[in-house]
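Observations on chain architecture
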Amino acid sequence: MKILVQKFGGTSLSTAEARAHVIEHIQAALNQSYQVVVVVSAMGRKGEPYATDTLLDWIASNGDSLPSREMDMLMCCGELISAATLCSLLNEQGIRATALTGAQAGIRTNDDFGNAQIESIQPKRIFELLKQGNVVIVTGFQGETAQHDFTTLGRGGSDTSATALGAALKAEMVDIFTDVSGILTADPRIVEDAKPLDVVSYTEICNMAHLGAKVIHPRAVEVAMHANIPVRVRSTFSTETGTLVTNPTAIKETGSVQDRLITGIAHVPAITQIRVTADDGVFDLQLRVFKAMAKEKISVDFINVNPSGVVYTVYDKEAARAEAALVSLGLSPQLIPGCAKVSVIGGGMNGVPGIMATIVEALTDADIGILQSADSNTTIWVLVQGENMAEAVRALHRRFNLHR
Ligand code: ADP
Ligand code: MG
């Protein structure tokens, strides 16, 4: 059995024209003798009738008091509508198709509603349906608990549904179809001439995804890496095969890429910098600050500790809670909201001197101040004011010659 998993994102399903392309991709896979499992997201983006964000707005105007368990019931609806729509269109074309919910597809999760983790997949029913000659459509982003409650996997969760099904079915490949030509050196919404990457390693793209490149969810990449299943990120609107994500050995075999110094630039907006200054003679400041953040379950990043105090970042949406927790400890934090984290990512930068100097130079030339910086062996991050984010991404992209 040669199985292909094809995942189609929201914009790939939102118009009749896009759905016609989806059907062509499914037909092309069948023509290549694949057994096809299709994972679908909810159709469209915020404001469109069946998009998940539209459903959330609906509840916000109807009591706005839905418990998280029932919230997941609601959030599963968009994918159900997508799956039924695609099933109808495929059958109309004479392609036999059956649609399954996450639960019917055997996807079992824990009960962390809204951000559930897949615990196991029992794909027996999918195998049976494939054997009977069906295209099997599975609703992305969802599973069920041991008690058969609906759960959802968090933003970008359909990508994880796809790679987890790929792993469970021992698929030959997982294709993530989206509205861009593949993984690019930066978000094309910010950098117009960002360059598509032919091949990237799981770790390179996982890194980029964690640092804000939303084209694929990092958890989905981790699952694929674990199962060693190749993933292609490609456009619904063309027949090009996009970016291949695979392991370094397979990359060497393709011989198509030289070691890259810099892979790309990623960004995360809506970040608040928090600075807490230590009074003379206070030695336990960091411990108190980070214990307070842990107690509030606020994730912190970009941590710099020095004798004069502590500087770190949180998401804007958690800043008010973080501030209140610090004030209740008798501290006087200073906050800069609306910052952005801009990252330069590249497995090849390890041990190469001068990258930080190049970054500082590029930003200084563009009149952009750096609020904070940090590095690891594959990434250098800088924190900038939000209004400078797009220009910082563009300046770094230019300086490292990443354009087409
Ligand atoms: P889907 O609904 O298909 O899952 P997403 O919106 O989740 O689509 O992901 C596709 C989007 O990711 C693109 O439209 C693009 O703006 C954005 N993106 C961010 N960083 C990158 C990058 N490095 N390469 C490609 N796309 C990126
Ligand atoms: Mg997505």
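Being a predicted model, the structure only gives us computed values, none of them experimental.

With that settled, consider the sheet that holds strand S12 (residues 243-246). Here eight strands make up an open sheet; going across it, the order is S3-S6-S2-S1-S9-S11-S12-S10 and the pairing mixed. Where the open sheet ends on each side, the last strands, each with one partner, are strand S3 (97-100) and strand S10 (199-201). For this sheet, the mean angle separating the axes of adjacent strands, direction not counted, is 20 degrees. Direction of pairing for S10 relative to S12: parallel, over a ladder of three bridges. Looking across to S12, one finds that serine 201 is bridged to threonine 246. Along the sheet face, helix H7 (residues 202-210) touches S10 and S12 and points at about 80 degrees away from the line of S10.

Located in the positive-phi region is histidine 148, a residue other than glycine, with phi close to 70 degrees. Inspection of the secondary structure puts histidine 148 in the loop between strand S7 (142-144) and strand S8 (150-152). Of note, aspartate 367 is a non-glycine position whose phi angle comes to about 65 degrees, a positive value. Mapped onto the elements of the fold, aspartate 367 is located in the loop between helix H12 (355-365) and strand S17 (372-375).

Among the residues of helix H8 (residues 218-227), those classed as buried are Pro218, Arg219, Ala220, Val221 and Ala224. Elements that come into contact with the buried residues of H8 comprise helix H6 (157-168), H7 and strand S11 (231-235). Downstream of H8 by one or two residues, asparagine 228 has phi in the positive range, about 55 degrees.

This part takes up the environment of histidine 21. Within the fold, histidine 21 resides in helix H1 (residues 16-31). Owing to a relative accessible area of 19%, histidine 21 belongs among the buried residues under this scheme. Sequence spacing of histidine 21 and phenylalanine 237 is 216 residues, and the spatial spacing of their C-alpha atoms is 6.3 Å. Beyond its immediate chain neighbours, meaning those up to four positions away, histidine 21 contacts Thr236 and Phe237.

With that settled, consider the sheet that holds S17. Taken in spatial order, the six strands make up an open sheet running S14-S15-S13-S16-S18-S17, and their pairing is antiparallel. Each having just a single partner strand, strand S14 (301-306) and S17 make up the two edges of the open sheet. Neighbour-to-neighbour, the strand axes of the sheet open up by a mean angle of 25 degrees, direction not taken into account. Inspection of the sheet shows S17 paired to strand S18 (residues 379-385) by four bridges, in the antiparallel sense. Residue pairing across strands places aspartate 375 opposite isoleucine 380, the latter belonging to S18. Sheet strands in contact with H7 are strand S13 (264-277), strand S16 (334-345) and S18, and its direction is about 160 degrees off that of S16. Sheet contacts for helix H10 (residues 285-295): S13, S14 and strand S15 (309-315); angle to S15, the most-contacted strand, approximately 15 degrees.

Next up on the list: the pairing of strand S6 (residues 135-139). With five of five residues buried, S6 lies mostly within the body of the structure. Alternating residues of S6 divide into Val135, Ile137 and Thr139 and Val136 and Val138, and every residue in both groups is buried. Relative to S6, strand S2 (residues 35-40) runs parallel, the two sharing four bridges. Each bridged residue has a counterpart across the sheet, and for valine 37 the counterpart in S6 is valine 136.

Below, the discussion takes up the packing of aromatic side chains. The full count for this structure, using the stated rule, is three aromatic pairs. Judged by centre distance (4.6 Å) and plane angle (15 degrees), the ring pair of phenylalanine 8 and phenylalanine 177 falls under stacked. Taken together, the residues span a long stretch of sequence, with phenylalanine 8 in strand S1 (residues 3-8) and phenylalanine 177 in strand S9 (residues 173-178) at a distance of 169 residues. The pair phenylalanine 8 / phenylalanine 177 is uniform in exposure class, with both members buried. On the numbers, 5.3 Å between centres and 65 degrees between planes, the contact of phenylalanine 290 with tyrosine 312 is edge-to-face. Here phenylalanine 290, found in helix H10, pairs with tyrosine 312, found in strand S15; they are 22 residues apart in sequence, far enough to count as distant. Taking the ring centre of phenylalanine 302 as reference, the NZ or CZ of lysine 341 above it sits at 5.5 Å.

Quick notes on the rules
Residues numbered from 1 in each chain as written. Chains lettered and ligands numbered in written order. Predicted model: local features only at pLDDT ≥ 70, side-chain atom pairs only at ≥ 80, totals over all residues. Heavy atoms only, no water. Pairing = 2+ DSSP bridges. Helix = DSSP H or I, 4+ residues; strand = E, 2+ residues; numbered from the N terminus. Axes fitted to C-alpha atoms, helices over the stretch in contact; angles between N-to-C directions. Contact = heavy atoms within 4.5 Å. Buried < 20%, exposed > 50% of the residue type's maximum accessible area, 1.4 Å probe, protein only. Phe/Tyr/Trp six-rings, centres within 6.5 Å; stacked < 30°, edge-to-face > 60°. Lys NZ or Arg CZ within 6 Å of the ring centre and 35° of its normal.

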